[in-house]
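A structural walkthrough
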Amino acid sequence: MDRERTGALDSKHRARKKITAMLVLVIALTAGNIIVGIQVQEQAKPAVYNISLETPFKEAAGGDVVIGAAVHTWGLKTDTQYRAILETHFNSITPENEMKMGLLRPNQTGFYWDNADYLVNYAESQNMTVHGHTLVWHSQVPGWLDEFSADPANDREAWRAMLKHHIQTVVGRYAGRVHAWDVVNEVVEMGFGGENGYRKTVWYEKIGVDYIKDAFIWAHEADPSAKLYVNDYGICSDLNKLDFTLKLVSQLQGQGVPIHGIGFQGHVSLYGPPVDVIRQAVAMVNSYDVDVWVTELDISVGGKTNIYSTFLANRQATRYAEVVEAFSRAERLVGISTWGVYDGSSWLHRPEQGVFQWPLLFDEAYAPKPCAASFATALSTHVAR
Ligand code: G3I
């Protein structure tokens, strides 16, 4: 068992044993008198649940909308419980990291394919589709990009050629096997309703805004059958950002650029965005010519307590249901993917660092949580068509 998961499990067991007393100042107003008392109250107890999922998520969703999860090769290779969850409930995978430029390109001239190949082969063996993530991002880029950047001989055309080579080599290798690609990831600034809301990434600085358009054209040339997405965070909460993104997509489509979908990452919390705002976002998307994929769904609980309490478990179950319901209003919803398989594999849940988010559907001991049941119900009620 790997170090990260062991830490998570230990922490959970510690948390479950721990019942902390806290002092609560009780102020009661009684017939005009103020009575101040001190009462010892038990802090929230760990949630106890025994959930049985009768219908796999992929079946609850009815078949037209795929249900995916972000995965790591280490989980697939070493962890039978991880694989069992995945193979029972999901029919799509997204490589959480292995197809990012930083991991595929240890050096400028070569590619490291082992993990990406493993994931694509695995998906095919399980009859799952692959959502490729991601061709162009400013984060998780290889170290050699700094040297490339520092070389004055590398003008705009050199940057374009380098990016084109990267995109076409990757997409070409998996042509017909990777069903959809997040072609560009996080290319719009938060909170921007103006004319130049582009995120000022290294690609923007070196190539100019046309890198977005060209990335789609190059990807399409390498695999005309792949569905091509703009993927971003905050677009179900920041409607200015969504508006800018949708207008960008529409404008490029008007120029014949092959863009097929919007990926809502969907990293939300118990407390926001309000479900009405997600519904508004979906209503906005519905008037554009795009598929919708909730690409990175997880629901954080706050991170401040080391006890996954009954309150948090119930609130998270309600929240998963309402978020799924809101996204189900997308007329062209084609996929919902969670960003990870279980809490022990989540990028957000770091007990060893004192960060407790429990954002996924299965807990650190691989047991389905109450939100897994509400997720399944919401899929069958709202998503299955
Ligand atoms: O592979 C190295 C390993 O060799 C090294 O020992 C270890 C030490 O920290 O780091 C490993 O790399 C980590 C990598 O994940 C693989 O596990 C990086 O440090 C870590 O920063 C990286 O985090 C990923 C993050 O993207 C990078 O920004 C998360 O796993 C991944 O969930 C997250 O995913 C992003 C999406 O791609 C885009 N949307 C937001 C989402 C969350 O940030």
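Scroll up to find the structure.
The text that follows walks through the structure, step by step, so that each part is easy to find.

Cut-off values and rules
- Residues numbered from 1 in each chain as written.
- Predicted model: local features only at pLDDT ≥ 70, side-chain atom pairs only at ≥ 80, totals over all residues.
- Heavy atoms only, no water.
- Helix = DSSP H or I, 4+ residues; strand = E, 2+ residues; numbered from the N terminus.
- Buried < 20%, exposed > 50% of the residue type's maximum accessible area, 1.4 Å probe, protein only.
- Contact = heavy atoms within 4.5 Å.
- Areas by Shrake-Rupley, 256 points an atom, 1.4 Å probe, with all protein chains shown as cover.
- Near = heavy atom within 4 Å.
- Polar contact = N/O pair within 3.5 Å; in protein donor to acceptor, adjacent residues only side chain to side chain.
- Nonpolar A, V, L, I, M, F, W, Y, C, P; charged D, E, K, R; others polar.
- Arc of directions from axis to C-beta.
- Axes fitted to C-alpha atoms, helices over the stretch in contact; angles between N-to-C directions.
- Parallel < 35°, antiparallel > 145°, perpendicular 65-115°, else oblique.
- Left-handed = near helix turned anticlockwise from the far one by under 90°.
- 1 Å grid on protein atoms, 1.4 Å probe; cavity = no way out; pocket = protein on both sides within 12 Å on 5 of 7 lines; lining within 4 Å.
- Points joined across faces, edges and corners; volume = space filled by probe spheres on them.

1. A short note on the overall build of the protein
- Secondary structure assignment for the protein yields 14 helices and eleven strands.
- Looking at the protein as a whole, 54% of its 385 residues are labelled buried.
- Sequence-distant contacts in the protein: of pairs separated by 6 or more residues, those separated by 24 or more amount to 77%.
- For the protein, the accessible area works out to roughly 16,300 Å², and carbon and sulfur atoms hold 51% of it.

2. Some remarks on the site of the ligand
- Taken together, 14 residues form the shell around the ligand, and within it Glu96, Lys100, His133, Glu296 and Trp339 come nearest.
- Within the contact set of the ligand, a nitrogen atom lies 2.7 Å away from a side-chain nitrogen or oxygen of Glu296.
- Coverage of the ligand by the protein chains reaches 49% of its 790 Å² of free accessible surface.
- Looking at the shell around the ligand, its residues break down into three nonpolar, seven polar and four charged.

3. Let's talk about the environment of Val184
- The topology assignment puts Val184 in strand β6 (residues 180-185).
- Given the relative accessible area of 0%, Val184 is considered buried.
- Beyond its immediate stretch of four places on either side in the chain, Val184 contacts Thr134, Val136, Ile212, Ala215, Phe216, Tyr229, Val230 and Asn231.

4. Quick notes on helix α12 (residues 275-285)
- Listed in full, the buried residues belonging to α12 are Val275, Val277, Ile278, Ala281, Val282 and Val285. Take α12 and look down its axis: the buried residues cluster within an arc of 160 degrees, on one side only.
- Residues of α12 that are buried make contact with α11 (239-254), β8 (261-264), β10 (291-300) and α13 (310-328).

5. Digging into the environment of Ala376
- Looking at the secondary structure, you find Ala376 in helix α14 (residues 370-383).
- By relative accessible area, Ala376 is classed as buried at 12%.
- It is 5.5 Å that separates the C-alpha atoms of Ala376 and Phe57, two residues lying 319 residues apart in sequence.
- Other than its neighbours up to four places away in sequence, Ala376 contacts Phe57 and Ala60.

6. Topic: the packing of α13 against α14
- Running from amino to carboxyl end, α13 crosses α14 at an angle of 20 degrees, the nearest separation of the two axes being 8 Å. Relative to α14, α13 is oriented roughly parallel. Crossing hand, α13 versus α14: right-handed. Residues Ala313, Gln316, Ala317, Tyr320, Ala321, Val324, Glu325 and Ser328 of α13 pack against Pro370, Cys371, Ser374, Phe375, Ala378, Leu379, His382 and Val383 of α14.
- Here the residues of the contact of α13 with α14 are counted per class, giving eleven nonpolar, four polar and one charged.

7. Section: empty space enclosed by the protein
- Under the counting rule described, the total for this entry stands at two cavities of 30 Å³ or more.
- Put simply, the second largest cavity is a space of about 40 Å³.
- Every residue lining the second largest cavity is listed: Lys100, Met101, Thr134, Leu135, Val136, Trp137, Ser139, Gln140, Val141 and Trp203.
- Counting residues per element, the lining of the second largest cavity draws most heavily on strand β5 (residues 129-136), which supplies three residues.
- Taken together, the residues that form the lining of the second largest cavity break down as six nonpolar, three polar and one charged.

8. Considering unusual backbone geometry
- A cis amide bond links His133 with the next residue in sequence, Thr134, at an omega value of -5 degrees.
- Within the secondary structure layout, Thr134 lies in strand β5.
- The residue after Gly272, namely Pro273, is reached through a cis peptide bond having omega -5 degrees.
- Secondary-structure assignment places Pro273 in the loop between β9 (267-269) and α12.
- Although it is not a glycine, Asn127 sits at a positive phi angle of roughly 60 degrees.
- For Asn127, a relative accessible area of 70% translates into the label exposed.

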